[in-house]
Amino acid sequence: MPTLKYLPHYPSALVQQAQALFDSGELGALLRSKYPDDHDVQTDKALYQFVSALKQRHLKNAPLPAKVLYDNQQHPLKGTLGTNTTISRVQGGRLKSKSEIRIASLFRELPQPFLQMIVVHELAHLKVRDHDKAFYQLCCHMQPDYHQLEFDLRLWLNWREQRLD
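Now for a look at the structure at hand. From a predicted model like this one, the values you see are computed outputs, not experimental measurements.

**Here's the deal with the pattern of salt bridges**
Using the criterion set out here, one finds seven salt bridges in the structure. Measuring nitrogen to oxygen at the nearest pair gives 3.9 Å for the salt bridge that ties R108 to D44. With a gap of 64 residues between them, R108 in the loop between β3 (94-104) and α4 (112-127) and D44 in helix α3 (residues 44-58) connect regions that are remote in the sequence. By relative accessible area, R108 is classed as partly exposed at 29%. Judged by its relative accessible area of 32%, D44 falls in the partly exposed class. Overlapping salt bridges, with partners in common, bring together D71, E100 and R102 in one network.

Following this line, the structure appears as structure tokens:
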């Protein structure tokens, strides 16, 4: 019986329910019915525009990241689906900083709500660095169903991995 390794901190009753769906083979059909559509955000340029639109809608005063791209190095087994980094450089006598957002390439093939959820997560880091209460409140402000999407993404990752084995 495979375990759902992307659900380590969820309540055991919820994990057992998900495990039952997984074991019976119903999880994939449930996820596909809930999230049937792919998206057309396939290039780094399209991703940058997608991130810019979300940032403009929800975080007008936050600076726009200098770079947004899909990254093949990001992987859920390594613990990362996206990163938000700030790079500081000395230019002349001044310290300049630029932020960049990198999203795992696997989001090219996942449904659009999951891409939006991870982008919201990384955009929230423009305002709040830590994963604390304020951070998750901001995520829920930008995407009210944030927590459900995060849980469903974790289910999807387990289901996807089982299909690839």
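**What about the sheet that holds β3?**
What the three strands build is an open sheet, ordered β1-β3-β2; its pairing is mixed. Across the chains shown, the open sheet's two edge strands, defined by having one partner strand only, are β1 (67-71) and β2 (82-91). Ignoring strand direction, the axes of neighbouring strands in this sheet form an average angle of 30 degrees. As judged from the ten bridges shared by β2 and β3, these two strands associate in the antiparallel manner. Within the sheet, the bridge partner assigned to S88 lies in β3 and is S97. On top of the sheet, α3 reaches β1 and β3; it is set at about 125 degrees to β1, its chief contact. Here α4 sits on the sheet and contacts β1, β2 and β3; the angle it forms with β3, its principal contact strand, is near 160 degrees.

**Some remarks on the pairing of β1**
Most of β1 sits out of view: four of its five residues are buried. Looking at chain direction, β1 and β3 are connected through five bridges and run parallel. Bridge assignment links K67 to a residue of β3, and that residue is E100.

**Some details on the packing of aromatic side chains**
By the definition in use, this model includes six aromatic pairs. Seen from their ring centres, Y35 and F114 are 4.7 Å apart, and the 50 degrees between their planes marks the pair as tilted. Here the residue Y35 occupies a position in the loop between α2 (27-34) and α3, and F114 occupies one in helix α4, the gap between them amounting to 79 residues. With respect to class, Y35 is no different from F114; both count as buried.

Procedures and definitions
- Residues numbered from 1 in each chain as written.
- Predicted model: local features only at pLDDT ≥ 70, side-chain atom pairs only at ≥ 80, totals over all residues.
- Heavy atoms only, no water.
- Salt bridge = Lys/Arg side-chain N within 4 Å of Asp/Glu carboxyl O.
- Helix = DSSP H or I, 4+ residues; strand = E, 2+ residues; numbered from the N terminus.
- Buried < 20%, exposed > 50% of the residue type's maximum accessible area, 1.4 Å probe, protein only.
- Pairing = 2+ DSSP bridges.
- Axes fitted to C-alpha atoms, helices over the stretch in contact; angles between N-to-C directions.
- Contact = heavy atoms within 4.5 Å.
- Phe/Tyr/Trp six-rings, centres within 6.5 Å; stacked < 30°, edge-to-face > 60°.

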